[in-house]
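# A look at the structure
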Amino acid sequence: MVRFRAGVRKVTDAVWRVVGILEPEERVYEALTLREQATIADLAAELGITRSRVSRILKSLAARGLATQLPGRPARFAAVMPDIAASELIAAQESQLERLREYAHQLAAANRARSGAHHPAELIEVVEGAADVRKAFIRLQREARTEMRVFDKPPYTAEQPEGNPEEYRLLGEGRVRYRTLYERAGLTQPDRMAEVWTGIRRGERARVTGSLPMKMALCDNRLALIPVSTSGPRADQASYLIHPSSVLDALSELFEARWDKAVPLNQRPVPNGEEQVLTDADRDLLGLLAAGTTDETIARTLGWSVRTVRRHIHRIMTLTGAETRFQAGMQASRRGWVL
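Residues numbered from 1 in each chain as written. Predicted model: local features only at pLDDT ≥ 70, side-chain atom pairs only at ≥ 80, totals over all residues. Heavy atoms only, no water.

Of the regular secondary structure elements, the protein chain holds 14 helices and 11 strands. Across the protein chain, contacts joining residues at least 24 apart in sequence account for 68% of those joining residues at least 6 apart. Carbon and sulfur atoms form 54% of the exposed surface of the protein chain, whose accessible area is close to 19000 Å². (Helix = DSSP H or I, 4+ residues; strand = E, 2+ residues; numbered from the N terminus. Contact = heavy atoms within 4.5 Å. Areas by Shrake-Rupley, 256 points an atom, 1.4 Å probe, with all protein chains shown as cover.)

Written as structure tokens, this is what we have:
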């Protein structure tokens, strides 16, 4: 029992404070949770604090939905189950954070309306340091209301986490759309293709192109993040954060122009008559094949041998009636197998 309580204590110290349950409230709540029910005297004796203080804390816990007073004398209390209590506290905090977000947007809009035309120096911020650039990218995603548009290209830094957890969260909530345009060279990086498929499975619209001029993230039509330098060892050390301006408009037009000419990676379900002959391996190959990627690059990307790649390409060529690999990729696009 003591070991179990020590384990619980270690968790509560790190977690319950996030939702505003501080000492000594968490001590009383923890002690009450490990009992079926308890009196004020029981808890005071166990925790070594006065009855009057325990009484005040229990009233506070009851007001916050963490404890209930049972009928009868002397007064006895029971804890609300931690999973239920935590869910309610988290929901309340999320509601407050969402109100803060909306208020911040309104305040920013009011400030822009009041100040009218901005001084040019206020339209572009410089973000310095790889960690701060990463934070700025996360900030853009959290502020997005409808859509994120991204240019993705090497190099990738060692500090980057696997995938994009913020994107996966927003796609799961269904609030924000993602369109990502990948440079072909990036797809040949180790394990990179697996990350791309993860985003696609979660709802990302993805396309591939031969080359991109730079990395870029667009938050709706309100903010953009681009690197100060596109080459060299410090290319990821500083970025421009661009506010509504002609520069932002040009970047938005650039994305749409490159997106329209790129090759889709997303795979559309095939008709019933064809799905029996189109394998999962074939579907994985379609996007790269339509992009004109070489056999050797496909082999490295998918972890196949070149011979296996050519065998799958021949299968798709036979399936589509194409005479060349390029025709096979185009036929796959025309048939709606990729979108």
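From this point, things continue past the structure.
On to the packing of aromatic side chains. Summed over all chains, the structure comprises 2 aromatic pairs. With a centroid separation of 5.4 Å and 25° between ring planes, the pair formed by Phe151 and Phe255 is classed as stacked. Taken together, the residues Phe151 in strand β5 (residues 147–152) and Phe255 in helix α9 (residues 246–261) connect sequence positions 104 residues apart. Both residues of the pair, Phe151 and Phe255, count as buried. Look at Phe255 and Trp259: their rings are 5.8 Å apart centre to centre, the planes differ by 20°, and that puts the pair in the stacked class. (Phe/Tyr/Trp six-rings, centres within 6.5 Å; stacked < 30°, edge-to-face > 60°. Buried < 20%, exposed > 50% of the residue type's maximum accessible area, 1.4 Å probe, protein only.)

On to the sheet that holds strand β4 (residues 124–128), then. Sheet strands pair by backbone hydrogen bonding; their relative direction is either parallel or antiparallel. Taken together, 8 strands build an open sheet; the order of strands is β4-β10-β9-β8-β5-β6-β7-β11 and the sheet is mixed. Whereas interior strands pair on both sides, the edge strands pair on one side only; in this sheet they are β4 and β11 (263–264). With 2 bridges joining them, strand β7 (residues 205–209) and β11 adopt antiparallel strand pairing. Of the residues in β11, the one forming a bridge with Arg207 is Pro264. Contacts between helix α6 (residues 130–143) and the sheet are confined to β4, β5, β6 (177–183), β8 (216–219), β9 (223–227) and β10 (238–242), with β9 contributing the most and set at about 155° to the helix. (Pairing = 2+ DSSP bridges. Axes fitted to C-alpha atoms, helices over the stretch in contact; angles between N-to-C directions.)

Between Arg73 and Pro74 the backbone carries a cis peptide bond, its omega angle lying at -5°. If you trace the backbone, Pro74 turns up in the loop between β2 (67–70) and β3 (76–79). Here the residue pair Pro154 and Pro155 is connected by a cis peptide bond, since its omega of 0° sits within 30 degrees of zero. Tracing the chain through its elements places Pro155 in the loop between β5 and α7 (165–173).

Take helix α13 (residues 306–320) next. Along an α-helix, residues three or four apart share an orientation, since each turn contains 3.6 residues. Helix length check: α13, at 15 residues, gives a terminal C-alpha distance of 21 Å against a target of 21 Å (1.5 Å per residue), a fit within 8%. For α13, every residue scored as buried is listed here: Thr308, Val309, His312, Ile313, Ile316, Met317 and Thr320. The first or second residue beyond α13 is Gly321, which carries a positive phi of 75°. (Expected span 1.5 Å × (residues − 1).)

Moving on: the sheet that holds β3. What the 3 strands build is an open sheet, ordered β1-β3-β2; its pairing is antiparallel. The sheet terminates laterally at β1 (38–39) and β2, the two strands that pair on one side only. By the bridge criterion, 2 bridges tie β1 to β3 in an arrangement that is antiparallel. Paired with Thr39 across the strands is Arg76, a residue of β3. Its contacts with the sheet place helix α2 (residues 25–33) against β1, β2 and β3, and it is angled at close to 90° to β3.

Relative orientation of the contacting elements α6 and α7 amounts to 5°, with a least axis distance of 10 Å. Classified by the angle between their axes, α6 and α7 sit roughly parallel to one another. Residues Ile138, Gln141 and Arg142 of α6 lie in contact with α7, whose contacting residues are Glu166, Glu167, Arg169 and Leu170. In terms of residue class, the contact of α6 with α7 is made up of 2 nonpolar, 1 polar and 4 charged. (Parallel < 35°, antiparallel > 145°, perpendicular 65-115°, else oblique. Nonpolar A, V, L, I, M, F, W, Y, C, P; charged D, E, K, R; others polar.)

Another point: the packing of helix α3 (residues 40–47) against helix α4 (residues 51–63). A pair of packed helices is characterised by two quantities: the angle between their axes and the separation of those axes. Running from N to C, α3 and α4 point in directions that differ by 115°, and their axes come no closer than 9 Å. Relative to α4, the element α3 lies roughly perpendicular. Our pair here, α3 against α4, has a crossing hand that is right-handed. Along its contact with α3, which presents Ile40, Ala41, Leu43 and Ala44, the element α4 presents Arg51, Val54, Ser55 and Leu58. Broken down by class, the residue content of the contact of α3 with α4 amounts to 6 nonpolar, 1 polar and 1 charged. (Left-handed = near helix turned anticlockwise from the far one by under 90°.)

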